[in-house]
Amino acid sequence: MTLEVRDLACGYGGRRVVEGFSMRVEAGDIHCLLGPNGVGKTTLFKSVLGLLPRLGGNVLLDGREVDGLSAREFARAVAYVPQAHTPPFAFNVRDVVVMGRLAHLGPFAAPGRADYEAADHALAQLGIGRLADRVYTELSGGERQMALIARAVAQSPRFLMMDEPTANLDFGNQAEVLEAAKRLAAGGMGVVMTTHVPDHLFQCEAEGTLMLRDGRYVKGGADAVLTPENLRDAYGIEVMVLDASWRGRGVRFCRPVVV
Amino acid sequence: MAGLAVALAALAAVSLTVGTYDVSLPEIGRVLWDWLTGSSTAHDKATVVLLTIRAPRILLAALVGAALAASGAAYQGMFRNPMVSPDILGVSNGAAVGAALALLLGLPSLVVHGLSFVCGLGAVLLVMAVARAVGKGGNTLTVMILAGVVMSSTFSALLSLVKYVADPDDALPQITYWLMGSFARSGNDANVLVLAAIFVVGGGALLLMRWRINALSFGEEEARTLGVDVKRTRTVVILAATLLTSATVCLCGTIGWVGLIIPHIVRLVVGPNYRALLPVSLLGGACFMLLVDDVARIIVPGELPVGVLTALIGAPLFIYMLVKGRKEWL
């Protein structure tokens, strides 16, 4: 299955923030969206998800325009993982995750036993089965993010769109979320994620798009996208791209120069 | 939940005994049995008191409590705010203006009820139209609440105007007492049937939507990405809740507090999942209303305005629940 964005223009109230953006993600791919604050990553995300009216261009699933799809049909193909948040009501984790099943139920139907099993399965798949009976609002940020990913998995979509899944997470939890994303992609899910950490592109061995300040997009594999020049054009700082090795494997990473 | 249903039945039975005219429980059993078997020919005092006065009043009170609590619970989830009450979009004030106008013009009671009901619905439809015109796909939830506040205060001004021009010896006290709410006035078979029918439609719709309301409580965007048709769900919830609230106001006046407090207390006990929250609120609202009405009939031989008592009993009960309850649900 393919998720394709063609020549997309988007923004708020007629003001164009993003123009001429294209991207193609296959099942099993990870695609990272990088760029400085205010360049329009979130706007782009919302437009692809149909939460903002598009100002131009197309979003296609297997070559079919998504405009004709209902919210329910779209949700069965593409799931959204928001940033870990605190909702006003204290649901149990299992109840939060089972809401991923709504896209597969009729408009008046309630989740049944099979749906709760799917929710438990999703929790187990992400290794957080122990959280099932905890109260969502009492979890740590990392646990909440994992629970939201489990909800998206329970939705059994072909694509996951993750909005800065590592934002506000500690060092360890960031790595855990990335590992979860990689495992899901290895299992055949297409993953699109925005991130503020260029290294994620190296770590996920992913394709990526770096949105530059002047409105250009640099696309390709990690090594092609993450060059000191491109990173300078995107973030306005000097960045070192360094090589190291870990247990005989070559590892590349980048590090901003702070003087 | 089963326990609560039993409690409601027990409370209803006890409520039958409460009042100025003493009727014992066995006597109630006899009267009900005669009624069920169709042999209630006797026009004895007990039968009359129970079947034509107390039973309809009890049923009405229970339905009103259930309707208000269910609407309040649904609204709190949809507006993502536990402090929202069912009249947030102006239904109560709209219905009050309708009733006051009809009373001012000395129209028959059927018209008073009808006009009140229509004005309550109309106020909310107006709010929805304003929100649609102003919102333009933006954050319509905030716009809707603002429009509701504006509409509420507009209707409250209109109500004052109607009261101002009303005859202080005749129409004005009538309007004032009407607005305070009463079960005695409306406790007859016809009203019970009307409210029951509306309750089946509105309450049924809310119960069917309970999982969509769950999703909406995570915010509009998330609900949409979960596959929920947000606009349609919202419209159905608002119409159902408005139908219920408007019906209670037009029959029994404005009874505040129940729709705010009962879902809140229930959430403290069963959590925020509408799978349990909605039906339990519904039963809890019915129990609470019966309790309040019993107290009203015990304290004063005639009758106390229900709205006054719901607040006087509800507030301490709420504080007690806050102290005792599971705070993590808050």
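Calculation criteria
Per chain, residues are indexed from 1 in the order of the written sequence. Each chain gets a letter, beginning with A, and each ligand a number, beginning with 1, in the order they are written. Note on the predicted model: pLDDT of at least 70 is required for a residue's local features to be given, and 80 or more for side-chain atom pairs to be given and counted; whole-chain, interface and lining totals, by contrast, use all residues. Working definition: helices are DSSP H or I runs of at least four residues, strands are E runs of at least two. Numbering for both runs from the N terminus. Each radius of gyration reported is based on C-alpha atoms, and the globular scaling rule is 2.2 Å times the count of residues to the power 0.38. A residue is called partly exposed when the number of other C-beta atoms within 10 Å of its own lies between 12 and 20, exposed at 12 or fewer, and buried at 20 or more, with C-beta atoms placed from the backbone. Here the contact rule is simple: place C-beta atoms from the backbone, and any two residues whose C-beta atoms are within 7 Å are in contact. Buried Ala, Val, Leu, Ile, Met, Phe, Trp, Tyr and Cys residues whose C-beta atoms connect them within 7 Å together make up a nonpolar core. When DSSP finds at least two bridges between two strands, those strands are taken to pair. As a rule, the C-alpha atoms of each element are fitted with a line to give its axis, helices using only the stretch in contact, and angles between N-to-C directions run from 0 to 180 degrees.

**What about the overall build of chain B?**
Here is step 1 of the chain: Along the backbone of chain B there are 14 helices and 0 strands.
Here is step 2 of the chain: The secondary structure elements of chain B, listed N-terminal to C-terminal, are α-α-α-α-α-α-α-α-α-α-α-α-α-α.
Here is step 3 of the chain: In terms of C-alpha radius of gyration, chain B reaches 20 Å, essentially the compact-globule figure of 20 Å for 330 residues.
Here is step 4 of the chain: Each of the three principal axes of chain B carries a C-alpha extent, and together these read 65 × 50 × 40 Å.
Here is step 5 of the chain: Considering chain B as a whole, with its 330 residues, one finds that 49% of them fall into the buried category.
Here is step 6 of the chain: Once local pairs closer than 6 in sequence are excluded, the contacts in chain B between residues at least 24 apart make up 77%.

**Points about the nonpolar core**
Here is step 1 of the chain: The biggest cluster of nonpolar side chains holds 181 residues, and the ones touching the most others in it are Ala150(A), Met161(A) and Ala181(A).
Here is step 2 of the chain: Among the elements that take part in this core, helix 3 (residues 45–78) of chain B stands out by supplying 18 residues, more than any other.

**Re the pairing of strand 2 (residues 15–26) of chain A**
Residues and elements named next belong to chain A.
Here is step 1 of the chain: Relative to strand 2, strand 1 (residues 2–12) is paired through 8 bridges, and the arrangement is antiparallel. Looking at strand 2, one finds that Leu3 is bridged to Val25.
Here is step 2 of the chain: Hairpin connection from strand 1 to strand 2: 2 residues lie between these consecutive antiparallel strands, with Gly13 at a positive phi of about 50 degrees.

**Topic: the sheet that holds strand 7 (residues 159–162) of chain A**
Residue and element names in this part refer to chain A.
Here is step 1 of the chain: Spatially, 6-7-8-3-9-10 is the arrangement adopted by the 6 strands of the open sheet, whose pairing is mixed. In this open sheet, the two strands that pair with only one neighbour each are strand 6 (78–81) and strand 10 (217–221). Taking the axes of each pair of neighbouring strands and ignoring which way they run, one obtains an average angle of 15 degrees across the sheet.
Here is step 2 of the chain: By the bridge criterion, 4 bridges tie strand 7 to strand 8 (residues 190–195) in an arrangement that is parallel. Looking across to strand 8, one finds that Phe159 is bridged to Gly190.
Here is step 3 of the chain: Sheet strands in contact with helix 5 (residues 141–154) are strand 6 and strand 7, and its direction is about 170 degrees off that of strand 6.
Here is step 4 of the chain: The strands touched by helix 6 (residues 171–186) within the sheet are strand 3 (30–34), strand 7 and strand 8, with strand 8 carrying the most contacts at an inclination of about 155 degrees.

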